[in-house]
Amino acid sequence: MPLISMLMTKLASREEMLALLDWFQAMGVDAAVDDSSCDWLARGPKAPGADYVWRHSEVPSTPGESAANARISPRPGTAAPPAARPRAATPLGASEAEIGARKIARQATSLEALETALREFDGCGLKATATKLCFYRGAAKADLMIVGEAPGRDEDLEGKPFVGRAGQLLDKMLSTIGLGEPDVHITNIVYWRPPGNRTPTPQEALACRPFLERQIELVEPKIVVAVGGAAAKELFGVAEGIMRLRGKWRNVTIGERTIAAIATLHPAYLLRTPAAKQLAWQDLLQIRSKIRA
Ligand code: URA
C-alpha cells in the first residue's frame, strides 16, 4: 500500500488529515504524481513518475522567456497527469542564470523596476515551488540593511521577508537599539522560499546575487548585517561557520561602493538557543555604535 494511502487510513480525523497535508506542504510537496493512489511497489523497479517525459519543445530555451506553457506529458497509453501549476524554467545552468540576472538587474534604476525584473526572472529554480516573491520590507532607502537566508512558510504566504516568528524576534532585537521597520531595509539572499525550508543551494544564491547587489546599490545602506551563517557565507564569500564570522566588521564592495558589514546570529537560532542571545546583544551594540558614528 502506498505510503500516503497507508497514512490516510491510520488518520482518525479531518484535523489529522489537514495536519498531514500541512506537513506535506511544509516539506515542499507541490504536486501529486498521480490523481489516484496506486501501489508503486507492485509496479516493479520503475520510479514513480518515470512514465512522464518533458516535451522539450515546450520548455523555454532562453532566460526570461515565459515558462507558462511548460508541461509534463504522458507517454502514449498512460493516464494523463494531473494538471500541474505552471513551472519556471529551472534547468538553467548556474552561470547562465547569473549572467542573465546580471544583465536584467543592472538595468533596474529603482526598487520597483528591480521587483518587476525579479517577477519576470525564471533563472532561479526556487520560483517553481514558491507561492510568492519576497522582495523586501521596511524602508526603500535605509542606513541599515538586513540580509537573511531565505523566506520561510509565513514569508512565502505573505510575500515579505521576516514576518514569521523569527521576524518578530528580529523586530524586537532591532527595537532594543532604537530601530523600527521605517529605519531598516530587510531582505534575503534568495527571493523565494526553498521547499521544506532547506538552505538555498549555491546555484540558487548565485542566480539571485545580481539582484541582491543591485538592491544594495539602490538602498545605499551605511551598514549591511548578514543574519545567520548562510547569509554571511554568501555575502562575504567565505566558508567559515557563523560562530567564527559573527561580531567582526568587514568591508563588502558592491559596484563602486565599499560598505561596512557584520554578521550576527539568526533569530530562528536564538529562538531555539536562548542562551546565545547574549552574543547577539553584543553584535547589536556594535551595530548601534556604527550607525551613530
Ligand atoms: N528566515 C530568514 O532568513 N528570512 C526570512 O525572511 C524568514 C526567516
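About the thresholds
Residues numbered from 1 in each chain as written. Predicted model: local features only at pLDDT ≥ 70, side-chain atom pairs only at ≥ 80, totals over all residues. Heavy atoms only, no water. Helix = DSSP H or I, 4+ residues; strand = E, 2+ residues; numbered from the N terminus. Contact = heavy atoms within 4.5 Å. Areas by Shrake-Rupley, 256 points an atom, 1.4 Å probe, with all protein chains shown as cover. Near = heavy atom within 4 Å. Polar contact = N/O pair within 3.5 Å; in protein donor to acceptor, adjacent residues only side chain to side chain. Nonpolar A, V, L, I, M, F, W, Y, C, P; charged D, E, K, R; others polar. Buried < 20%, exposed > 50% of the residue type's maximum accessible area, 1.4 Å probe, protein only. pLDDT = per-residue confidence, 0-100. Core = buried A, V, L, I, M, F, W, Y, C linked by side-chain atoms within 4.5 Å. Axes fitted to C-alpha atoms, helices over the stretch in contact; angles between N-to-C directions. Parallel < 35°, antiparallel > 145°, perpendicular 65-115°, else oblique.

1. Some points on the overall build of the protein
Moving on, step 1. Broken down by element type, the protein carries 11 helices and 8 strands.
Moving on, step 2. The long-range fraction of contacts in the protein, counting pairs at least 24 apart against all pairs at least 6 apart in sequence, stands at 70%.
Moving on, step 3. Approximately 15,500 Å² of the protein is accessible, and the part contributed by carbon and sulfur atoms is 55%.

2. Regarding the site of the ligand
Moving on, step 1. Inspection of the region around the ligand gives G148, E149, A150, P151, E155, P161, F162, N188 and H266 as its neighbouring residues.
Moving on, step 2. A150 has a polar backbone atom sitting 3.0 Å from a nitrogen atom of the ligand.
Moving on, step 3. A distance of 2.8 Å separates an oxygen atom of the ligand from a polar atom in the backbone of F162.
Moving on, step 4. Within the complex, the protein chains bury 91% of what would otherwise be the 240 Å² of accessible surface of the ligand.
Moving on, step 5. Of the residues belonging to the shell around the ligand, the class tally is 4 nonpolar, 3 polar and 2 charged.

3. Remarks on the side chain of H185
Moving on, step 1. Looking at the secondary structure, you find H185 in strand β5 (residues 184-188).
Moving on, step 2. In this structure H185 comes out as buried when scored by relative accessible area, which is 0%.
Moving on, step 3. At 2.9 Å, the side chain of H185 forms a polar contact with the side chain of Q215.
Moving on, step 4. With sequence-adjacent residues up to four places away left out, H185 is seen in contact with L111, Y136, R137, A139, A140, A142, L144, M145, I146, Q215 and V219.

4. Here we look at the confidence of the model for the protein
Moving on, step 1. Per-residue confidence for the protein averages 83 on the pLDDT scale, and 72% of its residues sit at or above 70.
Moving on, step 2. Predicted confidence is poor over residues 52-91, with pLDDT under 50, and the contacts of this stretch with residues over four places away or in other chains come to 61 contacts.

5. Concerning the nonpolar core
Moving on, step 1. Residues L144, Y191, W192 and F211 are the most contacted members of the largest nonpolar core, which totals 64 residues.
Moving on, step 2. Per-element tally for this core: the top contributor is helix α7 (residues 202-219), with 8 residues.
Moving on, step 3. Excluding residues within four positions of it along the chain, Y191 makes contact with L118, K132, L133, C134, F135, P151, C208, F211, L212 and Q215.

6. Concerning the packing of helix α4 (residues 111-120) against α7
What describes two packed helices is the angle between their axes and the distance between those same axes.
Moving on, step 1. α7 packs onto α4 with a crossing angle of 170° between their chain directions and a minimal axis gap of 10 Å. As the angle between them shows, α4 and α7 are arranged roughly antiparallel. Residues L111, L114, A117 and L118 of α4 form the contact with α7, whose participating residues are F211, R214, Q215, L218 and V219.
Moving on, step 2. For the contact of α4 with α7, the per-class residue count stands at 7 nonpolar, 1 polar and 1 charged.

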